Amino acid sequence: MLALTLGFSLAVIKISVLMNAWDKKFYDAISAYKGELIVPLTAEFLLYTALIVSFIVCGNWFKKLLIVSWRENLSSRMEAMWLKNANFYRLNFAENLKDTPIDNPDQRIAEDSLLLVEKSIELIKSLVYNAAKLIAFVAILWQVSKVVSFEILGVRVETTGFLVYVALIYTLLCSLITHLLGRRLGELNFNRQQVEANYRSNLISVREKAEEVAFLRGEKLEKSRFRASFAEILRNWRALMNTEFRLECFSASYLKVTNLIPIFACLPLYFAWTMSFGDMMQARGAFYSVQDGFAWFMDYYKRIMEWAACVRRVWAFSEAMKALDAANEAKASARNSAKNELSGANLSIFTPKGEALATGVNFKISSGERVRLVGRSGAGKSTFLRYLAGIYDFGSGEVNLPARAIFIPQKPYLAKMSLRELIAYPSDLNENLDGDGEEFRRVLRCVGLDKFESRLDEVADWSKILSGGEAQRLGFARIYFQKPALALLDEATSALDISSARELMTNLLADFPNLAVLAAIHQEELKDLFSADLNFRGEI
């Protein structure tokens, strides 16, 4: 697709060369008063116009096809890196990324990848187009430049192709000035993507936590947060405006002067009768094309800086994911065990800042055992469970997990999908076909959500429909559906009243007598459901 896109661009250049020759014939015919040539020359012009329009339209179509194909591939790779080994979670711990910290990974995947693809294709196409145009027209400009003689310190000098040298020197000088005026654009465009993403993130956080904000009457404070975030956009925008204003003042002046340079350079030859009017018009067109080829860097300077900012953000994302993968491989603690038991050997858990939460923990939980993880509130029980699940890196020791293990957090994940898909999550429903949904309805009845049986295939934002207790019941529904060997429960019944929590836990343990359970739970009324306690000193 890239070859086709570039091919149509090169075809446009070929037609442009023919149209440049047409300029000479047309203006020579006018200056010689040869009216009989106007009609055939007009027909020739219309043919060139039809061809060039066709090539431009087809080239643009293939360019768009290339953009969407490349974006699909790039975004898919970035998604895979983000989702691998729970990197989307590990990214919350900035200490993992001291050398390559990144912000707003979702924006980098969704927007920066698109901008990178669009701007890369645009720059590649324009570079090839300008280089081909330069090659095509430099010979024409060299030929029409004639031979120019002049004296330097009494020495007679003759040169050919003087307009080529004029175009090159003029472009180099203007490119240097352009860089000096616009060198801050790279950093400013990088910061622009960041502050825009931060502002959008603040807005999204209120949308996602709408109920909490509404209950607390936090509108005034949120407004001040929004304005403070937008103030960063304004500061960046003003800096961009001022830098681009200086650059555009120079660019506009340069473009106007460019139109006059070949004319004034050729006037001595024209008045000396060594160059015809048609030659001069041809020289003007060729000079503009050659100078445009030389001036690619200057003409695309702003877009190059924008492209560089996108490259930095996507590259930083990629490097951060690689750093997380390397850290995960170096600190990997959880291993799948052929036995249906959970065990830990010499476990030590730390905060991201290195403060010890647990040291020297050794334990084993066999099939059918139900163990309560005990410790004061804030001691790190949830962190301990995360380490056992293999998504927390700050610790040491060896963990052996059954192959079929499930982690149920305090707030179950509720995406916008059908209730059937939520129960089966993260299983692929195509591998768990249940046409009439009887298995899913049975699961709903087991966890006290039978009132939702008729809405099994309804796609909705269930986080806004289910209460806190109902959401936790849905977490238990996943246990019923997946039938794991081990369940790690992190305050999985905290939103339920004691009687409901007891009923739910009792039914679960009765329905899965061989299920091993390790639960962090503050409801003391449920401690009789567990056969042992595990504390951070490793006692069980």
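Everything that follows concerns the structure shown earlier in this document.
Parameters and conventions
- Residues numbered from 1 in each chain as written.
- Predicted model: local features only at pLDDT ≥ 70, side-chain atom pairs only at ≥ 80, totals over all residues.
- Heavy atoms only, no water.
- Helix = DSSP H or I, 4+ residues; strand = E, 2+ residues; numbered from the N terminus.
- Expected span 1.5 Å × (residues − 1).
- Buried < 20%, exposed > 50% of the residue type's maximum accessible area, 1.4 Å probe, protein only.
- Salt bridge = Lys/Arg side-chain N within 4 Å of Asp/Glu carboxyl O.
- Phe/Tyr/Trp six-rings, centres within 6.5 Å; stacked < 30°, edge-to-face > 60°.
- Lys NZ or Arg CZ within 6 Å of the ring centre and 35° of its normal.
- Pairing = 2+ DSSP bridges.
- Axes fitted to C-alpha atoms, helices over the stretch in contact; angles between N-to-C directions.
- Contact = heavy atoms within 4.5 Å.
- Polar contact = N/O pair within 3.5 Å; in protein donor to acceptor, adjacent residues only side chain to side chain.
- Core = buried A, V, L, I, M, F, W, Y, C linked by side-chain atoms within 4.5 Å.

Looking at this structure, how should I read helix H2 (residues 38–83)?
Helical geometry: 3.6 residues make up each α-helical turn, so side chains three or four residues apart lie on a common side. In this model H2 runs 66 Å from its N-terminal to its C-terminal C-alpha over 46 residues, within 8% of the 68 Å that 1.5 Å per residue would give. When H2 is considered as a whole, its buried residues turn out to be Leu-41, Tyr-48, Ile-52, Gly-59, Leu-66, Ile-67, Leu-74, Ser-75 and Met-78.

Looking at this structure, I do not really get the pattern of salt bridges. What am I missing?
Oppositely charged side chains may form a pair once their charged atoms are brought near each other. In total, this model carries 25 salt bridges according to the counting rule given. The closest approach of N and O atoms between Glu-222 and Arg-225, which form a salt bridge, is 2.6 Å. Residue Glu-222 and its partner Arg-225 are both found in helix H8 (residues 219–271); the two are separated by three residues, about one turn of the helix. Since its relative accessible area comes to 14%, Glu-222 is described here as buried. By relative accessible area, which is 30% here, Arg-225 ends up partly exposed. Where salt bridges share partners, they join Glu-438, Arg-441, Arg-445 and Glu-453 into one cluster.

Could you clarify how one ought to interpret the packing of aromatic side chains in this entry?
Geometrically, a pair of aromatic rings is defined through the distance of the ring centres and the angle of the planes. Under the counting rule described, the total for this entry stands at 16 aromatic pairs. Residues Phe-440 and Phe-481 carry aromatic rings whose centres are separated by 5.0 Å and whose planes lie at 20° to one another, so their mutual orientation is stacked. Here the residue Phe-440 occupies a position in helix H14 (residues 438–446), and Phe-481 occupies one in helix H15 (residues 468–482), the gap between them amounting to 41 residues. Residue classification places Phe-440 among the buried positions, given a relative accessible area of 1%. Grouping aromatic residues by their ring pairs yields a cluster made of Phe-8, Phe-55, Trp-61 and Phe-62. The ring of Phe-190 has Arg-312 lying over it, and the distance from NZ or CZ to the ring centre is 3.9 Å. The residue whose ring lies beneath Arg-313 is Phe-190, and the NZ or CZ to ring-centre distance is 5.7 Å.

Looking at this model, I keep getting lost on the sheet that holds strand S13 (residues 532–534). Mind explaining?
The strands making up a sheet associate through backbone hydrogen bonding, with each pair oriented either parallel or antiparallel. In space, the five strands of this open sheet follow the order S8-S11-S12-S6-S13, with parallel pairing throughout. Either end of the sheet is taken by a strand with one partner, and the two such strands are strand S8 (405–408) and S13. Averaged over neighbouring strand pairs, the angle between their axes works out to 20° when direction is ignored. Relative to strand S12 (residues 516–520), strand S6 (residues 370–373) runs parallel, the two being bridged by four bridges. Residue pairing across strands places Arg-370 opposite Val-517, the latter belonging to S12. Running over the sheet, helix H12 (residues 381–389) touches S6, S8, strand S11 (486–490), S12 and S13 and is turned about 150° from S11.

Before we go on, may I ask you to explain the environment of Asp-112 in this structure?
Secondary-structure assignment places Asp-112 in helix H4 (residues 105–144). C-alpha of Asp-112 to C-alpha of Glu-44: the two residues are 68 residues apart in sequence and 45 Å apart in space. Among the polar contacts listed, one links the side chain of Asp-112 to the side chain of Arg-313, at a separation of 2.6 Å.

How do you make sense of the side chain of Ser-113 when you look at a structure like this?
The topology assignment puts Ser-113 in helix H4. Excluding residues that lie within four positions of it along the chain, Ser-113 makes contacts with Arg-71, Leu-74, Ser-75, Met-78, Arg-108 and Val-314.

Before we go on, may I ask you to explain the nonpolar core in this structure?
Soluble globular proteins: nonpolar side chains tend toward being buried together. Residues Leu-419, Ile-423, Leu-474, Phe-476, Ile-479 and Leu-489 are the most contacted members of the largest nonpolar core, which totals 43 residues. For this core, the secondary-structure elements that each account for two or more residues are S8, helix H13 (419–424), H14, H15, S11, helix H16 (498–511) and S12. With seven residues, H15 is the largest single contributor of residues to this core. Excluding residues within four positions of it along the chain, Ile-423 makes contact with Phe-440, Val-443, Leu-444, Leu-456, Leu-474, Ala-477, Arg-478 and Phe-481. Residues Val-17, Leu-141, Tyr-170 and Ile-263 belong to the second largest nonpolar core, which totals 28 residues.

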